[in-house]
Amino acid sequence: MTAVPASTDAVPAHPVPARGDWRDTAREATDLALLGFVVALAALPVLTLAPALATAGAALHDRSVTGAWPDARTSLARFGRALPAGLAVSAVALAAAALLAADLVALTTGRVPGGGPALALTAVVVAAVLGYAGLVTVAVGRTGGRGWRAAARRVARSCPERPGVWAAASGVCALAVLLGMLVTPVAVPILGGYALAALHALDARRPVPAPEPS
């Protein structure tokens, strides 16, 4: 029996996806910058910071799963549902941030003994707390912007199991804070949008939880 030569027109089993051009990159960068500005506006009352971050996290999760951003109505509904618990989360987070900032200022100005080693240790602790908070925000975004307590418990368990992800998230948050102090204030929301996207990319291998209830 004569072997039939393979057709040169056969479709490969795993087609190579089309590579995006510079316009796709520019569009993605613009979307993330716009997301940062929306979060900044929603967080202007200060205590709405956590609901704003939860809604942004849910939008980024939708973007990574479906390839499209949620519509404004969906995001507004998520923001409203996130408000009750988010206000309390914002208050706790802001109180903790104020205490850590006061500690850093006291060490920097020499009002508290310890010098360089104590300052370096405190900076590491601040970065670790920021990384943990960033991963919690990502986890909340994966559940539609709700479930802060459950997300905090899950991330607390997973951080020791995934120290590399925790360290990378801490680095992203610390770099965003450092750049935020160096750039013009109008660019800070842009940094926030990019930092949120980076945190979601770092956490992309986490198993997806149950879908958001309707």
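All residue numbers refer to position in the chain's written sequence, counted from 1. In keeping with the predicted nature of the model, local features appear solely for residues at pLDDT of at least 70, side-chain atom pairs appear and are counted solely at 80 or more, and the whole-chain, interface and lining totals rest on all residues. To get the side-chain values, take all heavy atoms of the structure and skip hydrogens and water.

1. Observations regarding unusual backbone geometry
A negative phi angle characterises most non-glycine residues, just as the trans form characterises most peptide bonds. For clarity, the threshold we go by: Only DSSP runs of H or I reaching four residues or more are called helices, and only runs of E reaching two or more are called strands; each is numbered from the N terminus. Each residue is assigned to one of three classes by its accessible area relative to the maximum for its type, calculated with a 1.4 Å probe on protein chains only: buried under 20%, partly exposed between the two thresholds, exposed over 50%.
Even without being a glycine, Val-46 presents a positive backbone phi close to 75°. On the secondary structure map, Val-46 appears in the loop between helix H1 (22-42) and helix H2 (49-66). With relative accessibility at 44%, the residue Val-46 sits in the partly exposed group.

2. A look at the packing of H2 against helix H7 (residues 188-202)
Applied cut-off: The axes used here are C-alpha line fits, helices contributing only the stretch in contact, and every angle between their N-to-C directions lies in the interval 0 to 180 degrees. Should an angle fall under 35 degrees it is called roughly parallel, over 145 degrees roughly antiparallel, and 65 to 115 degrees roughly perpendicular, with every other angle called oblique. By definition, any crossing whose near helix is turned counterclockwise from its far helix by less than a right angle is left-handed, and any crossing with a clockwise turn is right-handed. Contact between two residues is taken to exist if any of their heavy atoms lie within 4.5 Å; hydrogens are not considered. Under this grouping Gly is polar, as are all residues other than the nonpolar Ala, Val, Leu, Ile, Met, Phe, Trp, Tyr, Cys and Pro and the charged Asp, Glu, Lys and Arg.
For the pair H2 and H7, interaxial distance at closest approach is 10 Å and the crossing angle is 55°. By the angle between their directions, the pair H2 and H7 is classed as oblique. The element H2 and its partner H7 pack so that their crossing is right-handed. From H2, Leu-53, Ala-56, Gly-57, Leu-60 and His-61 reach across to H7, where they touch Leu-196, Ala-197 and His-200. Of the residues belonging to the contact of H2 with H7, the class tally is five nonpolar, three polar and no charged.

3. Details of the side chain of Ser-170
Mapped onto the fold, Ser-170 is located in helix H6 (residues 163-182). Ser-170 has contacts with Ala-127, Ala-128 and Gly-131, leaving out every residue within four places of it along the chain.

4. Things to note about helix H3 (residues 72-109)
Test applied: Any helix carries an expected span of 1.5 Å times its number of residues minus one. Note on bend: at a given residue it equals the angle between the axes fitted to the 7 residues ending there and to the 7 starting there. Pairing of N or O atoms within 3.5 Å defines a polar contact, subject to two protein rules: one partner must be a possible hydrogen donor and the other a possible acceptor, and residues neighboring in sequence count only if both atoms are side-chain atoms.
The end-to-end C-alpha distance of H3, which contains 38 residues, comes to just 46 Å, noticeably less than the 56 Å that a straight helix rising 1.5 Å per residue would cover. Its axis deflected by about 55° at Leu-83, H3 carries its strongest bend there, up to four residues before the proline Pro-84. Looking at H3, one finds that the buried residues are Ser-75, Arg-78, Ala-82, Gly-86, Ser-90, Ala-106 and Leu-107. Of the residues that open H3, the one with a side-chain oxygen 3.3 Å from the backbone nitrogen of Arg-73 is Asp-71. Two residues or fewer past H3, Gly-110 is found with a positive phi of approximately 85°.

5. A word on the nonpolar core
So the rule is basically this: Among the buried residues, those of types Ala, Val, Leu, Ile, Met, Phe, Trp, Tyr and Cys that are joined through side-chain atoms within 4.5 Å form a nonpolar core.
Core analysis: the largest hydrophobic core is formed by 16 residues, its most contacted members being Leu-135, Val-136, Val-140, Trp-148 and Val-155. Where this core is concerned, the elements lending two or more residues are H2, helix H4 (115-142), helix H5 (148-161) and H6. Counting residues per element, this core draws most heavily on H4, at five residues. With near-sequence residues (within four places) excluded, Val-140 lies in contact with Ala-54, Gly-145, Arg-146, Gly-147, Trp-148 and Ala-151. Leu-35, Ala-43, Ala-56 and Leu-60 belong to the second-largest nonpolar core, a separate cluster that totals nine residues.

6. Comments concerning the packing of H6 against H7
Across the interface, H6 lies against H7 with an axial gap of 10 Å and an inter-helix angle of 175°. As judged from the angle between their axes, H6 and H7 are roughly antiparallel. Residues Val-165, Ala-168, Ala-169, Val-172, Cys-173, Ala-176, Leu-179 and Gly-180 of H6 lie in contact with H7, whose contacting residues are Val-188, Leu-191, Ala-195, Ala-198, Leu-199 and Leu-202. Class assignment of the residues belonging to the contact of H6 with H7 gives a composition of 13 nonpolar, one polar and no charged.

7. Some remarks on the pattern of salt bridges
Our working definition: We count a salt bridge whenever a side-chain nitrogen from Lys or Arg sits within 4 Å of a carboxyl oxygen from Asp or Glu.
The final tally for this structure, using the stated rule, is two salt bridges. Arg-63 is paired through a salt bridge with Glu-28; the nearest N and O atoms lie 2.7 Å apart. Here Glu-28 lies in helix H1 and Arg-63 lies in helix H2, a separation of 35 residues in the sequence. What makes Arg-63 partly exposed here is its relative accessible area of 24%. The exposure class assigned to Glu-28 is partly exposed, which follows from its relative accessible area of 28%. Residues Asp-62 and Arg-78 are paired through a salt bridge, measuring 2.9 Å at the closest nitrogen-oxygen approach. One end of the pair, Asp-62, is in helix H2; the other, Arg-78, is in helix H3, and 16 residues separate them in sequence. Of the two residues, Asp-62 and Arg-78, neither departs from the other in class, the shared state being buried.

Distances and angles like these do not, on their own, reveal function.
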